[in-house]
Each structure stands twice: as structure tokens, then as C-alpha cells.
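Listed below, chain by chain, are the residues.
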Amino acid sequence: MSPAKVRALALALLGAAAAARVRAEPLPPAVASYQITCRLDADKKIVEATEVLTWKNTTSRAAATLRLHLYLNAFRNTLSTFWRESRGEHRDGRIPESWGSIEILRMTGSDGADLLPGMRYISPDDGNPHDRTVAEVVLPRPVAPGETISVAMDFVSRLPRVSVRTGYKDDFFLVAQWFPKIGVLQERGWNCHQYHASSEFFSDFGDYDVSIDVPARFRGKVGATGRRVDERETSGGRVLYRFKQNGVHDFTWTADPDYLVIQDSFREAGLADVDLILLVQPEHESQAERYLRAARAALSGYGRILGAYPYPTLTIVDPPWGARGAGGMEYPTLVTGGTSWSAPSSVQRPEAVTVHETGHQFFYGLIASNEFEEAWLDEGFNTYMTDRVLASTYGPNHVSLDVFGLHVPLGIEIRYPLDPNRRYFEVADWDVLASASWKFRNRESYSRQIYSKTALTLATLERLMGTPAMNRALRLYADRWRFRHPTTRDFIAAVNDSTGRNWNWFFDRTFFSSGIVDYAVAEAETEPARPPRGLFEQDGRLGPTLPAALAKPRGWDSRVTVVRRGDVPMPVDVLLRFEGGHVYRSRWNGEARWKRFRVAGGPRLIEAIVDPDEKILLDADRTNNGLETRDDLRAATRWSARAVFWVQNMIDFMTVAW
Amino acid sequence: VNRSGPRALACFLRGLQMSLSKPYLAVALWLIQLLIASVLILPIGNSLHAELDRSPMAERMVANPDYGWWETIRRTHPDLLGNFPDVATGLLSPKGLRWSELPGLRGIGATAFSLVLLALVAHAFALGGMLGALREPSSSLVTFGREGMRRMPAFLIFTLAAFAAAFAAYRWIFVEAGAALAERVKDLHTEQAALAVTAVRLAGLLLALAAIKILADSVRAVWVTRPDLPPVSRFFFGVGGAFGRPLRLLGVLLLYAASTTGLYVLWLVLDPSAGGEARFALVPLILSQQVFVFVRLLVKVGYYAGISEALTRTPSPEYSYVAPDAPASRSPSLDGG
């Protein structure tokens, strides 16, 4: 082949490969865009900034007011709704009394009118007169449908010591929920909730252009939402970074002189290329590849089912010791992970959180449901997908024991998706899943219902309808609602439309119910068939003589009773296994309280199992799902022997010190 | 005058030798531990049989623990396990035991708590019996029982005092110090620095526990070996013995700890309880477990014998008069004459 032909072939192949990659798709039109210039005072832990908000009224009604989130005011004092609800305890234990706030110093409209006098704090959720996390601004004139306005603001954000998502620890800064951010105007009015102890965020898509001025010691150690487009020296030995990202609905940045910056990339045929930026603490450097592999697994696993991640970058932040409260959070194109210095390789410590937070780029980032009102649509759906990705990438997780701060793996498997979500069962009837985030009985119920019940519900749905059908339903939902704000009804519609069946009954019994699912085998007996006794007709006369046909019955008579102990009916399979490899399988709609199966003169029954394929993962007690007809003492005896042994050792250990 | 005395290793080895020569002492300890353990095991065993014997899950559970099964049993039978696992894991955490969880102990947890008290009494009895029997050249299980009962009042007081001291050390050196440092530990720059702080707390606790143990064992050993002294003198002789030979006693204790740790490591490496699916594997499993316990108790008896040896070996290890060597070439004529 001539060199020219080889070159032509190579070019053709390269072209084909490039075509196989998905090009970045058009991002959504901007509704709320921000141009912000800020300056970090690392000693005072404050950010001074100027913001220009450009907002478009996309509803059919004029807007006479604007509503702004001022999230950092949740940390202003103990009177805020956040403090009252959390009672001073949150994800990292006791919240330190390190106060944060956001103060708007100037606010002017496009025409230069001073809007600040028309601003007041409101509390639409709980009426708390001391909460300052939502402000309403009366406009000089209403914003007409389709009209765009600009509002300029000067503000100062005081960062708290990291405890809940945002703040500082020494020179580590995670600057999140830090700027005045407009709520979402819907046809029914403003959707702009206060900052609650159990809720996250909701906002419109827009274009962000943010310049960050930091002291020189942070040079090269700044990460943010979007792509870095500029880096230059400024006066006073400082450095200015500029980040831009279109088509997102929040902006977060971080800085820490200790960061090790590791660049990598995600490349997979059929999906868009993504530059990965890992900002990792030096003591976790050995886990860098674990972080990156998890991020790649998430981009691949989610992207294959829900469509490609459309942004060019993904930044992964590893918070330092003492700032665990900043970990495990998601922001557009930037996520925070979290690990431990002693995280064993068999325990998916950085992997699980990285896959989960990267997954939020889809459920929250792209499919931007309302995290205040329907948190299960992002946290729960994401947990379900996280479990799928972790299971396919890594296999089962393992239990570890915290031995004086060191994580020791115990070799006990945690199988996805059931085991990590078992925590739901303890609070199964505490709340209806479909509740606003701040209306759950407590944070424990919130997190276990929102994350785990949703994950188990979707995994159950997947097993009932089949994985391919589930993938199609998810894809339809993702395609319909990419860059939009779906609700639960929209997801149900996508499921019904993609399968051509009505699944409303399923969601009524799961999302909209606090009922418990529990099926059990209450009875499984088998005995040799015996001839009947009594009086029998023979030659037209009733007498004690047994007809010859009944005199020698063969086989075994078996009886199985399956019961529904929970409130919620689900269709279940029942399997009866007999000697000789005979199997009888039946589908029961599960509506009645019990169902009995009788087999006369059949093979000997070995066992009866309800839901043998473990489809109904919401079943609160699987230990009662099967019964064997014969005793097998091995397991109990062996565990009793082990218990004796370890108690003997414990006694000795106990008495050793005195 | 010979001031050096026997070394810790020699004392420990001599103790092991004595333990092997009186194996019934380890048998007695083994029986006591087995009986106490049985009290706890009966409710566990019955529940396990009730839940597993006819369950298809049993197959999975023969060799390995099934996370889901245990989680469900813990949740559905709160009166059996209660918060016992939390309390047990709390003991190993950097924060330590959470006192507020103790009143919540139910089922096995509450029984275990009661058994601690029973074990204290049994421990006092066993130590009296063991040290008494070790002292007599020809002794038997009867000697063990008699000596145990004879020393019981005093040994119970010593044991309870040592227990209280160990409890106080755990509380103040580990738990309260940890709570006081909690916020500062969060301010440390790295997790490794935080782990170092925990290690220092732990080392402080272990040192205190070792001191308490050496003191208690010294008092008990002297109490038995010096019956000629009045009680108050025996007590102070014991205290003096601990202060007089701290390194030697600590050496014996460390050798004991190292030997026991070695046995546990060996057990974990060999792990004879894992993997056996066949029904017959149960017997070897139980045998190997009990042989392990017995060997461990032989070492334990050896430790107490070693401590006694280190404190009271005759001639006294300190200030003992050693006769000068005989002249190398004595004239036979002198004897003969």
C-alpha cells in the first residue's frame, strides 16, 4: 500500500473514531446567569464580591418581586431555621459555633435604581421571624413574561468553620452557597425555600462567569465549577482566576495550598470526553487512582444509561482532616469526596462517595428536580444508580471495623443493592417517602427514606419489570427532562410510557406509602401419604371397608402456607422444591393475607420459599421467606460454638487488666 | 551479695514450667470460663437454632456470617441483641464507650454485663486458688479449691479495687481525655496526627493498666507467699515488691502479653473455624477452639507463676548471700587426715 493510501486510511479511521465520540450537545438557554468578581480574605475568612444577576421571567405571569436565597445566613446564629431544626448537630457531629453570613451591601436594578430599601427577609416555610435565608425584593416595576432584567449587588460572605457543606478549615476553603441566588419562578409563584437542616437546593440553569482573587499561596490550587479560562497576577501579590461554565445551576469553588493537583481524562466511545481534575490531600495521594477510577466508572455507568455528561470538566475535591462536613457534596461539574488515611482497598471508602457525587451530575445536575420538595428524585435515584455502578465495577463492599481510628476490614460482604440500604427497614413506617425534606420526623428518617427506600424501591421495580425495561424507562425520563425540572409524576409517566403498562399501583404503595412489605412462609410440612379412615361407599353401601384404589396411597402429602405480614401487597413468586429435583413455581398477587398450597401424593417437599429470586427488595424480613421441612443444625451449632469460644476469650481479656 | 536476681524471661519460663507441671490449674480456669460462657450462650444458641435450623439461609451461614441475616435478626429481635453490638464496637472506637448506652443493654448485653460481675468473683477465687496451689510442692485440684476459698475475702477486695482502678483509668485517661481533646484533634492538620493522639491516649491507658495489674498481682502473690506476716504488712510488702522490681514484673507481663498475642495471631492465620461446610467439621472446630483456650490458660497460669517467681523466689533475688566458690585445688590429704 502506498504511503498516500496509508495516510488516507489513517485519516479515515481517525475520522470514524472521532465520529464515534459524542460531541458536546447544546446547553440549555440561560434563565438565571451570574457574573461575579470576588476576593478571598483568607485571614478573615470572608469573601467580598460584586455580582451581576441576569434573570429572565420564563412564566406567563409578570413578576412584581424577586426572591433570593441567602444560604450562608443559616449559620448566622442559633435562631435560624437550620439551627433550630438541626439542634446544633449535623453530618460532622456537633456544629461548631463559628458563624457565617451573607450581607448585601448594595443592590441596583438595570436602570440604576436602588433596590435595597425594598428588600425584606421572609420565611415561607415555617414563618420563623429570625431566619434570614430568603429575601424578597420589591421591584420598581414588574418583570413582564419573557423579559430579562439585570440586578447588580455588592455583598460580603463570611464563611463558617466547615461543618455542613461549606466553609473553611485553616487554609482549606470550600466556598459553596456563597452568593445571593435567585429562586425559581414557576407558574404558581416563587419556589424559594429556606435553608433547612434536611434539604438541599433548587435553581434555574444559567451561565456563570466568575473571577476569584486569592492570595499568592493558593497559586495553582484553586478549583471551581466549569473550565478555568484565565490566571493572572494582580496587585498585592495575589492571583486572579477566572472560571466559566454555561448551562449549570450553581457555582462553587475551593482553594487549599496543600492540594496535589492531578489531571486525568475520561474517554469512552459513544460518550463525550471529560477532563478530570483531582484536588487531593497529600496524605491521600496513594488513593488518587481510586478516586479517578470511581469518577470514570460513574461517568461511564451513568452516561450509558442516562446519556452523556455534557460538560468538558469534572473536578473532584478531597477535603482535609477536620473538614469532613465539606465532603460528599455535589455541585455542577465539581464534587467533594472523602476518605480515610487507612481506608482498606476492600472497603469502598473513596469509591462509593465519588461514584455517588459524580452521579449527582445527572440526578440533580442535568435532571434538575427540586431537592427541597422531592429529594428522592435526586438522592434516592442517585443511590439506586450508585449501587448499580459500584456492583458492576467493584463487586460487593466489605464491612470494616473502626479500631481506634484505623479501619480494619472484617471480610464480611455487603452486597448491592440490598445490604447498604437495610438501614431503611428500621424507620420503614416513620414517614411517607413522598414528603418535603423538612417535614420528616427527623434527619435519620429523612436520610434512610430518601436514600435507601428510594433505592430499594427502584431496585424492586427493576426486578419486576426487568433491567432492559428499567434502563429504557430511565433513559426516557432522562431525555425528556434533561436541563429541566421534573417531578415524581413525570418519572411515573416515563415508566408507564416506556413500558406501555400502568405502574401507578406500584408507586402508590411505595413512594406514596409508609407501609411495610413482609412476606413469610408460615408453614411447610410434608408427611407420607396415609390411607384415609372412616366410612366409604362400596357397591352402593356405606361401610368401613377401604376401596382398593385408596388402600395404598403413594408419595407424600405436603402443605405450605405463605402469609403477608406487611401492610403493602406486592406480587410474589412462591417456589416449592421437592426431592428428585422437582420444582413448583407459582405467582401470587400477594393481595390476600395468606395463600395455601397443597400437594397430595407428590414427591417429598424439601423447602418452600416466597420470593425466591429476591425481587421484592423492600421485604423487611427475608429471614422468614423460606422454610425447610427438615432440620439442619449445622449453622446454628457452629455459631453457638463460635460464640462460646469468643465469650471465653472475652472473659479472659476482661480479667487480664485486674 | 548478688543484687541482680532472676531475669524476667527466666521468671516467665520458670512460670510456664510450673504451669505445665500442674496442668489441672489451667483445667480449673478453663472449666470456670466455660461455665460462665455457657450462661450467655444458652439464649444465643436457642435463638440461633430457632431461626436457622429450618431456614434456607442456613446453608449460607454455615461457614461465613451473612450480613443481611445478622442485620435482620438484630432488628427483628431487639430483646436478644439490643444495642450490645454498638456498645462492643464503641469500646474499640477512638471515642470509647458511650456511657449513655449502658442502661439500654438488653438481652445478651444485659446478661453479659451481669456476667462481668460474676467473672470478677470467679477471677478473685481462681487467683487465690492458683497462687496457693503453685506454692505447695504437691498440690491438687482440691488444693486449688481450698486455697481459692481461703483467700477469697482479701482477693475479692484486691480484685474489685483493681477493677475500679482500671475502670477509672479507662474513663479518665482514654475517654474523658479524648472528649476534652476532640475539638483540638479536629483542628490538627492531618488524620495521621489525629491517629497519633489516639495512640498516645491508648498507650497512656495501657501503661496505667499495666501498672495496676503489676501492683495487684504483686500484692496477691506476696499475700499468699508470706503468710507469716500480718495482713497490713503483707499488703505493703506487695506494694513494695511492685515498686522494688517494676521492670522485672513489667517484663514478665510483656512476655505474657506477647505470648498471648502470638497465640491469637496464630489462630487468626490458621483460622480453623472458616470454610468448613461438612457436618463432621463441627467436632474438629470445637476441639481446636477449646485446645486453643486451654493453651492460652496454660500461659496465663505460667504468667502468675512467673510473677510469683519474680517476687518471692528463694533465696531472695535481692540481697541474697552467695557463698564464695570453693578453692579450686583443695588438698585431699586434709579430708583424708
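As the structure is a computational prediction, the values presented were derived from the model and not from experiment.

> Is there a simple way to think about the overall build of chain A in this case?
Counting its secondary structure elements, chain A contains 11 helices and 35 strands. For chain A, the spread of C-alpha atoms along the three principal axes comes to 115 × 80 × 65 Å. Taking all 658 residues of chain A together, 59% fall into the buried category. Total accessible area on chain A stands at roughly 25,800 Å², and carbon and sulfur atoms take up 51% of it. The average position of the 81 basic charges and that of the 82 acidic charges among the side chains of chain A differ by 4 Å.

> I'm lost on the overall build of chain B in this one. Help?
Per the secondary structure count, chain B includes 13 helices and 0 strands. Tracing chain B from N to C terminus, the helices and strands come up as α-α-α-α-α-α-α-α-α-α-α-α-α. Long-range pairs, those at least 24 residues apart, make up 76% of the contacts in chain B between residues at least 6 apart in sequence. Summed over its atoms, the accessible surface of chain B is roughly 16,800 Å², and 70% of this surface lies on carbon and sulfur atoms.

> Would you mind going over the interface of chain B and chain A with me for this structure?
By a widespread convention, an interface's size corresponds to the accessible area lost as its parts come together. Across the contact, 85 residues belong to chain B and 67 residues belong to chain A. Surface buried jointly by chain B and chain A totals about 6,800 Å² across both partners, of which 58% is contributed by carbon and sulfur atoms. If you sort the residues of chain B by the area they bury against chain A, R54(B), Y67(B) and E191(B) come out on top, with a joint share of 12%. Our count for the contact surface shared by chain B and chain A stands at 9 salt bridges. A salt bridge links K300(B) to D652(A); its shortest N-O distance comes to 2.6 Å. Of the residues belonging to the side of chain B that touches chain A, the class tally is 47 nonpolar, 20 polar and 18 charged.

> When you look at a nonpolar patch on the surface in this model, what are you seeing that I'm missing?
Residues and elements named next belong to chain A. Together, W341, L406, V408 and L410 line one region of the surface with nonpolar side chains, adding up to about 330 Å² of accessible area. Within the fold, W341 resides in the loop between β24 (334-336) and α4 (349-359). The exposure class assigned to W341 is partly exposed, which follows from its relative accessible area of 38%.

> Can you walk me through the environment of M650(A) in this structure?
Residue and element names in this part refer to chain A. Turning to its location among the elements, M650 is positioned in helix α11 (residues 634-655). On the accessibility criterion, M650 (47% relative accessible area) is partly exposed. For M650 and E591, which are 59 residues apart along the polypeptide, the C-alpha to C-alpha distance reads 49 Å.

> Hey, could you run me through the pattern of salt bridges in this one?
Side chains bearing opposite charge may pair, as long as their charged atoms lie close to each other. Residue and element names in this part refer to chain A. All chains considered together, the criterion is met by 64 salt bridges over all chains. For the salt bridge of E523 with R596, the shortest nitrogen-to-oxygen distance reads 3.9 Å. In this pair, E523 is assigned in strand β27 (residues 519-528) and R596 in strand β33 (residues 594-602), connecting sequence segments 73 residues apart. Accessibility expressed as a relative area gives 18% for E523, which makes it buried. Given the relative accessible area of 34%, R596 is considered partly exposed. Among the ionic pairs, R622 bridges to E614, the shortest N-O distance being 3.9 Å. Taking the relative accessible area as the measure of exposure, E614 reaches 27% and is therefore partly exposed.

> What is the right way to look at unusual backbone geometry in this model?
For residues other than glycine, phi is negative in most cases, and the peptide bonds are mostly trans. Residues and elements named next belong to chain A. Of note, the bond from Y416 into P417 is cis; its omega dihedral lies within 30 degrees of zero at -5 degrees. Topologically, P417 is positioned in the loop between β26 (406-414) and α6 (443-465). Its identity as a non-glycine residue notwithstanding, F483 has a phi of 65 degrees, on the positive side. In this fold, F483 is placed in the loop between α7 (467-481) and α8 (488-499). Non-glycine residue E614 carries a positive phi angle of around 55 degrees. Positionally, E614 belongs in the loop between β34 (605-610) and β35 (626-628).

> Help me understand the pairing of strand β15 (residues 206-215) of chain A in this model?
One face of the sheet, then the other: side chains in a regular strand alternate in exactly this way. All names here are of chain A. Where burial is concerned, most of β15 is hidden: 9 out of the 10 residues are buried. Across 6 bridges, the pairing between strand β1 (residues 32-41) and β15 is parallel. Its bridge partner being in β15, C38 is matched across the sheet by I212. Sheet topology places β15 next to strand β18 (residues 238-248); 9 bridges connect them, and they run antiparallel. Note on β18: the bridge partner recorded for I212 is Y241.

> Sorry if this is basic, but what is going on with the packing of helix α7 (residues 108-135) of chain B against helix α12 (residues 282-312) of chain B here?
For any two helices packed against each other, one specifies the inter-axial angle together with the distance between the axes. Residue and element names in this part refer to chain B. At their nearest, the axes of α7 and α12 sit 10 Å apart, and the two run at 60 degrees to each other. Judged by the angle between their axes, α7 and α12 are oblique. Relative to α12, the crossing made by α7 is right-handed. Of α12, the residues touching α7 (which contributes H123, L127, M130, L131 and L134) are V301, Y304, A305 and S308. For the contact of α7 with α12, the residue count by class is 7 nonpolar, 2 polar and no charged.

> Looking at this structure, how should I read the sheet that holds β18(A)?
Two strands in a sheet stick together by hydrogen bonds in their backbones, pointing the same way (parallel) or opposite ways (antiparallel). Residues and elements named next belong to chain A. Ordered by their spatial adjacency, 7 strands build an open sheet running β6-β9-β2-β1-β15-β18-β17, and the pairing between neighbours is mixed. Lying at the two open borders of the sheet, with one neighbouring strand each, are β6 (101-108) and β17 (227-234). Sheet twist, expressed as the average angle between the axes of neighbouring strands with direction ignored, equals 15 degrees.

Analysis parameters
Sequence order sets the numbering: in each chain, residues are counted from 1 along the sequence as written. Going through the entries in the order they are written, you letter the chains from A and number the ligands from 1. Only residues with pLDDT of at least 70 get local features here, since the model is predicted, and only at 80 or more are side-chain atom pairs given and counted; chain-wide, interface and lining totals rely on the full set of residues. Excluding hydrogens and water, the side-chain values take into account all heavy atoms of the structure. Segments assigned H or I by DSSP are reported as helices when at least four residues long, segments assigned E as strands when at least two residues long, and all are numbered from the N terminus. In this scheme, a residue with accessible area under 20% of its type's maximum is buried, one over 50% is exposed, and one in between is partly exposed, where area comes from a 1.4 Å probe on protein chains only. Note on areas: Shrake-Rupley, 1.4 Å probe, and residue coverage restricted to the protein chains presented here. This count recognises Lys and Arg as positive and Asp and Glu as negative, with His and chain-terminal groups excluded. Where a charge lies is defined by one atom per residue type: Lys uses NZ, Arg uses CZ, Asp uses CG and Glu uses CD. Here, two residues are considered to be in contact whenever any of their heavy atoms come within 4.5 Å of each other. In this description, buried area is defined as the sum, over both parts, of the accessible area (probe of 1.4 Å) that is lost when the two are combined. Whenever Lys or Arg places a side-chain nitrogen within 4 Å of a carboxyl oxygen from Asp or Glu, that contact is recorded as a salt bridge. Residues are sorted three ways: Asp, Glu, Lys and Arg are charged, Ala, Val, Leu, Ile, Met, Phe, Trp, Tyr, Cys and Pro are nonpolar, and all the rest, Gly among them, are polar. Each patch is built from residues that are more than 30% exposed by relative accessible area and take part in no salt bridge. Like charges join if they lie within 9 Å; nonpolar side chains (Val, Leu, Ile, Met, Phe, Trp, Tyr) join within 5 Å. In this analysis, strands are considered paired if DSSP registers two or more bridges between them. Simply put, an axis is a line fit to the C-alpha atoms, just over the touching stretch for a helix, and the angle between two N-to-C directions goes from 0 to 180 degrees. Under this scheme an angle from 65 to 115 degrees is roughly perpendicular, one under 35 degrees roughly parallel, and one over 145 degrees roughly antiparallel; angles in between are oblique. Handedness of each helix crossing follows the sense of rotation of the near helix against the far helix: counterclockwise by less than a right angle gives left-handed, clockwise gives right-handed.

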